[in-house]
Amino acid sequence: MSTPAMRSLDPIPSTRTTATVDVVSAVPADGVITAIAIPVAHQADPPAELGHDAAALAAAGFTGRAGETLVLPASGGRVHVAVGTGVASEVDSATVRDLAGAFARAVPGHRGLAITLPVGGTGVSPHDFALAVTEGVVLARWSFHVGVSDTTALERLVLVTPEADADAAREGVRRGLVRARAAALGRDLANCPAAVLTATRIGEVAQELGPAAGLEVDVVGREQLVEMGCGGLLGVNLGSVEEPRMVRLHYVPDGPPSGHLALVGKGIMYDSGGISLKPSDESHAQMKNDMTGAATVLAAMTALRDAGCRAEVTGYLMCTDNMPSGSALKLGDILQMRNGKTVEVLNTDAEGRLVMADALALAVELGVDAIVDIATLTGACLRALGVDLAGVMGTSEGLVDQVRAAGELVDEPVWPLPLHRRYRSQLDSPIADLTNMGGPNAGQITAALFLAEFVGDVPWAHIDIAGTAQLPEARHWRNKGATGFGSRLLVELACAFEKPARPSP
């Protein structure tokens, strides 16, 4: 059990970004802004304000390739940073976000940054350019550290743009900050040590953040979970000294809702594997991030009101750790889930699907129009798609398309995998309705087929973020460690949500 000393290290939610972002027509003359980014297209003449011509930049090895940076001294103690945009006609929002992140990382000791937005030529609108720059800079300069840190915090960012584009850019900044703050919270939660961020504590965090975000928050403890028959969550929790929690979040827009969407997040606060103990390697130490799904749902829902979401959204965070002990769930045990189905447990390290099944059944009972779950679910998905792409499967092609569109918009890409029904027989059990483990192959598909048993005819999509939840090194605006992947995707999904058709029987 976590000690009071451990809890005193709690970094939530104090590490969320508080940088000021402004749109101006000229760089302020004050001493706060000390690094100025100037976009330079590939093999093009740089803007005059950079103070160097193309030949001088080339002599320093800079050609304007996308993401390339060159820090140059300027007057007044400032630096200019040439930031390569690549070929202007090929620049899109993802490119802009990446180059903004590259700029922010090129000057890590500077607290005040400015960037000049290019006038025309890229095909990216002032709104989208400002949105992507805001996200790129703020998220690149996000940091998580317990103890004494020498990281220089970002205090101010200014975007320099013509007055004619200022209103559009300001709206882009506003929306970019909403999404960046959601992603920062998701990262905070997923990077937090498991001894600090227990199931109880994440419930408290939801209660602290929810009211200010317009959310109703209901934290359900062990006794009520027993009364509700949530056998999956309770079964996984058997080996732990920490109590389980189901956190329900509810958002209702001011006007008539465009539909009712349920979001379900896997919240395994630490996954030792249970009796099916994981090997003692680096992946074991990373298992504090096995609650990234729950973190992204909580983070996204705190942003819905500010993002102008018109859908009603109910979120479920299914939270417990998965530990070995004398009371832990054992192989061969049978659990009864919320919807009455029984599950023979063949692997205690296939626990995420057990806790999520209860929430899926509850969402069906609520009568929602669609369900999307998100989870660090299978190593098979990591091996299939790597660390850049999440997998998506579901019973509704229309809902899967909405997930993919949201991911493409925010550059958190998902790739569709087949929900191949012939593999369902791998989940057959001679003594229960199904098992929690399929065969040695296509583990991401059999895991999704297990979850599909609990959604009935409600349109459903499943996002497997086992690969994207953790990065081995920082890249542009993406951080090293737990990434919080999915927070921004879920914000956009909820804001653009349309009721999908019910799947055919």
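Residues numbered from 1 in each chain as written. Predicted model: local features only at pLDDT ≥ 70, side-chain atom pairs only at ≥ 80, totals over all residues. Heavy atoms only, no water.

This next bit is on the layout of surface pockets. The calculated volume of the largest pocket comes to roughly 850 Å³. Looking at the largest pocket, it is lined by 40 residues, and the ones nearest its centre are Lys278, Leu377, Thr378, Gly379 and Ala466. Broken down by secondary-structure element, the contributors of at least two residues to the lining of the largest pocket are β9 (260-271), α9 (282-285), α12 (352-366), α13 (379-385), α15 (443-452) and β18 (470-471). At four residues, α13 tops the list of elements feeding residues into the lining of the largest pocket. In terms of residue class, the lining of the largest pocket is built from 14 nonpolar, 16 polar and 10 charged. (1 Å grid on protein atoms, 1.4 Å probe; cavity = no way out; pocket = protein on both sides within 12 Å on 5 of 7 lines; lining within 4 Å. Points joined across faces, edges and corners; volume = space filled by probe spheres on them. Helix = DSSP H or I, 4+ residues; strand = E, 2+ residues; numbered from the N terminus. Nonpolar A, V, L, I, M, F, W, Y, C, P; charged D, E, K, R; others polar.)

In the predicted model, the chain carries a mean pLDDT of 92, and the fraction of residues at 70 or more is 93%. Below pLDDT 50 for its whole length, residues 1-9 participates in 13 contacts with residues either more than four positions away or in separate chains. (pLDDT = per-residue confidence, 0-100. Contact = heavy atoms within 4.5 Å.)

Taken as a whole, this structure holds one aromatic pair when the rule is applied. Each ring, one from Phe450 and one from Phe454, has its centre 5.3 Å from the other, and the planes form 45°; the classification is tilted. Residue Phe450 is classed as buried on the basis of its relative accessible area of 0%. A cation over an aromatic ring shows up here: Arg97 above the ring of Trp477, its NZ or CZ 6.0 Å from the ring centre. (Phe/Tyr/Trp six-rings, centres within 6.5 Å; stacked < 30°, edge-to-face > 60°. Buried < 20%, exposed > 50% of the residue type's maximum accessible area, 1.4 Å probe, protein only. Lys NZ or Arg CZ within 6 Å of the ring centre and 35° of its normal.)

This part covers the pattern of salt bridges. For the structure shown, the criterion picks out 29 salt bridges. In this structure, the salt-bridge partner of Asp349 is Lys278, at a minimum N-O distance of 3.0 Å. With Asp349 in the loop between β12 (342-344) and α12 and Lys278 in the loop between β9 and α9, the pair connects residues that are 71 residues apart, well separated along the chain. Residues participating in the shared-partner salt-bridge network are Arg97, Glu135, Arg175, Arg179, Glu412, Arg488 and Glu492. (Salt bridge = Lys/Arg side-chain N within 4 Å of Asp/Glu carboxyl O.)

Of note, Gly76 is situated in the loop between β3 (69-73) and β4 (79-86). Taking relative accessible area as the criterion, Gly76 reaches 78% and is therefore assigned exposed.

Its location among the elements puts Glu155 in the loop between α4 (126-140) and β6 (156-160). Spatially, the C-alpha atom of Glu155 lies 32 Å from that of Ala496, the residues being 341 residues apart in sequence. If we ignore the near neighbours within four places in the chain, the residues touching Glu155 are Ala19, Thr20 and Arg111.

A separate point is empty space enclosed by the protein. Applying the stated rule across the entire model yields one cavity of 30 Å³ or more. Approximately 40 Å³ is the volume found for the largest cavity. Grouping the amino acids of the lining of the largest cavity by side-chain chemistry returns five nonpolar, five polar and no charged.

In spatial order, the strands read β7-β8-β10-β9-β13-β17-β14-β15; together these eight strands make up an open sheet with mixed pairing. The open sheet has two edge strands with one neighbour each: β7 (216-220) and β15 (414-416). Between one strand axis and the next, the sheet turns by 20° as a mean value, whatever way the strands run. Examined bridge by bridge, β9 and strand β13 (residues 370-375) share five bridges and lie parallel to one another. Paired with Leu261 across the two strands is Ala370, which belongs to β13. Its contacts with the sheet put α12 on β8 (245-251), β9, β10 (312-322), β13 and β17 (460-464), and the angle it makes with β10 is roughly 155°. (Pairing = 2+ DSSP bridges. Axes fitted to C-alpha atoms, helices over the stretch in contact; angles between N-to-C directions.)

Turning to the side chain of Thr348, a few remarks are in order. With respect to the helices, strands and loops of the structure, Thr348 is situated in the loop between β12 and α12. A distance of 2.7 Å separates the side chain of Thr348 from the backbone oxygen of Gly273, its partner in a polar contact. Those residues within four positions of Thr348 in sequence are excluded, and the remaining contacts are Gly273, Gly274, Ile275, Ser276, Asn322, Leu329, Lys330 and Leu331. (Polar contact = N/O pair within 3.5 Å; in protein donor to acceptor, adjacent residues only side chain to side chain.)

This part takes up the packing of α4 against helix α5 (residues 166-191). Helix packing for two helices is described by the angle between their axes and how far apart those axes are. Interaxial distance between α4 and α5 falls to 7 Å at its minimum, and their mutual angle equals 30°. When the interaxial angle is binned, α4 and α5 end up roughly parallel. Remark: the crossing between α4 and α5 carries right-handed chirality. Per-class residue counts for the contact of α4 with α5 are 12 nonpolar, four polar and five charged. (Parallel < 35°, antiparallel > 145°, perpendicular 65-115°, else oblique. Left-handed = near helix turned anticlockwise from the far one by under 90°.)

Right, let's get into the packing of helix α3 (residues 93-106) against α4. Viewed as axis vectors pointing N to C, α3 and α4 meet at an angle of 40°, and their least axial separation amounts to 7 Å. The interaxial crossing formed by α3 with α4 has right-handed handedness. Of α4, the residues touching α3 (which contributes Ser93, Val96, Arg97, Ala100, Gly101, Phe103, Ala104 and Arg105) are Asp128, Phe129, Leu131, Ala132, Val133, Glu135, Gly136, Val137 and Ala140. Across the contact of α3 with α4, the residue classes tally to 10 nonpolar, three polar and four charged.

This brings us to helix α16 (residues 487-495). Burial within α16 is extensive, with eight of its nine residues counted as buried. Considered for burial, the residues of α16 that qualify are Ser487, Arg488, Leu489, Leu490, Val491, Glu492, Leu493 and Ala494.

What follows covers helix α10 (residues 292-301). Burial of α10 is extensive: 10 of the 10 residues sit out of reach of the surface. Within α10, burial applies to Thr292, Gly293, Ala294, Ala295, Thr296, Val297, Leu298, Ala299, Ala300 and Met301.

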